[in-house]
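# An overview of the molecular structure
Each chain, written out:
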Amino acid sequence: MSVKVKQAAVIGGGSFGTAIASILAANGIATQQWMRNDVVATAINEQHENPQYLPDVKLDPRLHATTDLAKAITGAELIFVSVPSKSFRSVVQQLKPFLVEGQSLISTTKGIEPDGFNLMSQVLMDECPGHSVAVLSGPNLAKEIGRKQLTATVVASSDGALRIAVQESLGCEYFRVYASDDMFGVELSGALKNIYAIVSGFIAALGMGENTKSMIITRSLAEMSRFAVALGANPLTFLGLAGVGDLVVTCMSPMSRNYRVGYAIGEGRTLDEAVAELGEVAEGVNTLRYINAQSEELGIYMPLVKGAYAVLFAHVDPRLVAKELMTGENTSDVEFALAKSEIGE
Ligand SMILES: NC(=O)C1=CN([C@@H]2O[C@H](COP(=O)(O)OP(=O)(O)OC[C@H]3O[C@@H](n4cnc5c(N)ncnc54)[C@H](OP(=O)(O)O)[C@@H]3O)[C@@H](O)[C@H]2O)C=CC1
Ligand SMILES: O=C(CO)COP(=O)(O)O
């Protein structure tokens, strides 16, 4: 693969896909963004805006949107896949008939596939053997990238040439791309931090203080690193942008959709109401289900995950969970409430 990329595709018409597609186009790379919604595609092509997912952001006029998947992919050296994790495999299955040798795939999706506990890079490698794979993750609120706020991210891959190609294609005066070879750690931290953003949201809605928020973020970092290291990730990854960086931004900002879901639950909405009100993807909800199950199966101590699971899926009062987080015991009222709930085990 040549390092100077001339053509790229972004698969997905959501906020993050749109933000990076616009950067690629602004960097002079012929970029096709694929989406299934032709109204949004027309708005991108004619008004240079994505009114549904990234309103009030002027996109680069050279960005071209299409609903034709073959057209989007043909000739693209880099293909960024930016759809929610629950649709990821089916979208990759739709695109793979059009792939040719030498095209590389980069996931920007921060989630987990439940069957087999696969990360998105694993789905790409399964479905598209022979193609180089990378992931992009970091503290990257799409709306801020759209407004050209100074932002850094991480591209992780075992393919050094692909890392450089992504760095050169996306890097610009407001977007800096660092490189890592710990693809598993970078990707897993992007998925895990969404859970803790939900917790931070409900802590904030309950009016808890800044000390409490800091305690939650610090304990979240310890907990997510403990889990990831047990599965083989490099602990140092968690001290970087994709780890603590992304954890801090999503736990502190109401711009995070996961935080907003947690906040709505803290205000008394049900999970279904909170998700419906959001109208966009909050990956942390499903990730929480899978991580709770995995931590129990592997015997990894994750009290925040357990508490969040009790709040979201067993309707346990978040105040009760918060109280228990101060005792370090796992026996207790939350366990009891989980056991009593329909889904408690
Ligand atoms: N937004 C952000 O700040 C960031 C997001 N991410 C990650 O990027 C991933 C994508 O998120 P984001 O762009 O924000 O998501 P959004 O919720 O903004 O948009 C999701 C997009 O995926 C499309 N989509 C969903 N299912 C399918 C399908 N089966 N076939 C085709 N298209 C589909 C939707 O299309 P339709 O409208 O037609 O349903 C929509 O265009 C997530 O994993 C997220 O965690 C990463 C960094 C930052
Ligand atoms: O991953 C993100 C920022 O880095 C976006 O977080 P949300 O999906 O919670 O909006």
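Per an unreviewed UniProt entry, the protein chain goes by the name Glycerol-3-phosphate dehydrogenase [NAD(P)+] and belongs to Oleispira antarctica RB-8. UniProt lists a comment for the protein chain under the heading Sequence similarities (unreviewed entry), and it reads "Belongs to the NAD-dependent glycerol-3-phosphate dehydrogenase family." For the record of the protein chain, the UniProt heading Pathway (unreviewed entry) holds the text "Membrane lipid metabolism; glycerophospholipid metabolism."

## Thoughts on the overall build of the protein chain
Along the backbone of the protein chain there are 16 helices and 10 strands. Computed over C-alpha atoms, the radius of gyration of the protein chain comes to 20 Å, within 12% of the 20 Å expected from 2.2 N^0.38 for 345 residues, which places it in the range of a compact globule. For the protein chain, the C-alpha atoms occupy an extent of roughly 60 × 40 × 35 Å along the three principal directions. For the protein chain, buried positions account for 51% of its 345 residues. Here the contacts in the protein chain between residues at least 6 apart in sequence split such that 71% fall between residues at least 24 apart.

## Regarding helix 11 (residues 257–266)
By the criterion of burial, helix 11 is predominantly enclosed, with 10 of the 10 residues buried. Looking only at helix 11, the buried set comprises Arg257, Asn258, Tyr259, Arg260, Val261, Gly262, Tyr263, Ala264, Ile265 and Gly266. Looking at the buried residues of helix 11, the elements they touch are helix 8 (183–205), helix 10 (241–252), helix 12 (271–278), helix 13 (284–298), helix 14 (303–314) and helix 15 (318–325). Backbone geometry just after helix 11 places glycine 268 at a positive phi near 110°.

## Some words on the confidence of the model for the protein chain
Mean pLDDT over the protein chain stands at 93; residues scoring 70 or higher make up 94%. Both scores are available for the predicted complex, with the pTM at 0.94 and the ipTM at 0.98.

## Let's talk about helix 10
Counting buried residues along helix 10, 10 of its 12 residues qualify, which places the element largely inside the surrounding structure. When we look at burial in helix 10, the residues that qualify are Leu241, Ala242, Gly243, Val244, Gly245, Asp246, Leu247, Val249, Thr250 and Cys251. Buried residues along helix 10 sit in contact with strand 8 (133–137), strand 9 (151–156), strand 10 (175–180), helix 8, helix 9 (210–230) and helix 11.

## Remarks on the nonpolar core
Ranked by size, the top nonpolar core spans 107 residues in total, and within it Ile11 and Val166 carry the most contacts. Here this core gets 13 residues from one element, more than from any other, and that element is helix 8. Viewed by domain, this core spans two of them, domain 1 (7–181) and domain 2 (192–340), each represented by three or more residues. The contact partners of isoleucine 11, leaving out residues within four places of it in the chain, are Trp34, Ala72, Ile79, Phe80, Val81, Ser82, Val83, Val91 and Leu95.

## Some remarks on the site of ligand 2
As a structural note, the neighbourhood of ligand 2 is formed by Lys110, Pro139, Asn140, Leu141, Asn194, Ala197, Asp246, Val249, Thr250, Ser256, Arg257 and Asn258. Secondary structure elements with two or more residues in the shell around ligand 2: helix 8, helix 10 and helix 11. Ranked by residue count, the leading element in the shell around ligand 2 is helix 10, at 3 residues. For the shell around ligand 2, the per-class residue count stands at 4 nonpolar, 5 polar and 3 charged. Formed jointly, the shell around ligand 2 draws a minimum of three residues from each of two domains, domain 1 (7–181) and domain 2 (192–340).

## Observations regarding the sheet that holds strand 8
Strand order in the open sheet formed by 8 strands is 3-2-1-4-5-8-9-10, and the pairing between neighbours is mixed. Each of the sheet's edge strands pairs with one partner strand only, and the pair in question is strand 3 (64–66) and strand 10. Mean inter-strand twist for the sheet, computed between neighbouring axes without regard to direction, equals 25°. Relative to strand 4 (residues 78–81), strand 1 (residues 7–11) runs parallel, the two being bridged by 4 bridges. Across the sheet, alanine 9 pairs through a bridge with isoleucine 79, a residue of strand 4.

Rules of the game
- Position labels on residues start from 1 in each chain and follow its written sequence.
- Chains carry letters and ligands carry numbers; both start at the beginning, A for chains and 1 for ligands, and go up in the order they are written.
- Totals for whole chains, interfaces and linings use every residue, but because this is a predicted model, local features are given only for residues with pLDDT of at least 70 and side-chain atom pairs only at 80 or more, for both listing and counting.
- UniProt positions are given in the numbering used here, feature names are shortened, and annotations may be inferred rather than shown by experiment.
- Put simply, DSSP H or I for four residues or longer makes a helix, DSSP E for two residues or longer makes a strand, and each gets a number counted from the N terminus.
- This radius of gyration counts C-alpha atoms alone. The globule rule is 2.2 Å times how many residues there are, raised to the power 0.38.
- Counting other C-beta atoms within 10 Å of each residue's C-beta, where C-beta atoms are placed from the backbone, gives the exposure class: buried for 20 or more, exposed for 12 or fewer, partly exposed between.
- Two residues qualify as a contact pair if the distance between their C-beta atoms, derived from the backbone, is within 7 Å.
- As a per-residue measure, pLDDT tells how confident the predictor is, with possible values from 0 to 100.
- Here a nonpolar core is just a set of buried residues of the types Ala, Val, Leu, Ile, Met, Phe, Trp, Tyr and Cys, joined wherever their C-beta atoms sit within 7 Å.
- Each domain's extent was defined by an automatic or database domain assignment.
- Placing a C-beta atom from the backbone of each residue, we mark the residue near a molecule or strand if the atom is within 6 Å of it.
- Residues are grouped as follows: nonpolar covers Ala, Val, Leu, Ile, Met, Phe, Trp, Tyr, Cys and Pro; charged covers Asp, Glu, Lys and Arg; every other residue, Gly included, is treated as polar.
- Strand pairing is assigned whenever DSSP identifies at least 2 bridges connecting the two strands.
- Lines fitted to C-alpha atoms define the axes, with helix axes restricted to the stretch in contact, and inter-axis angles between N-to-C directions lie between 0 and 180 degrees.

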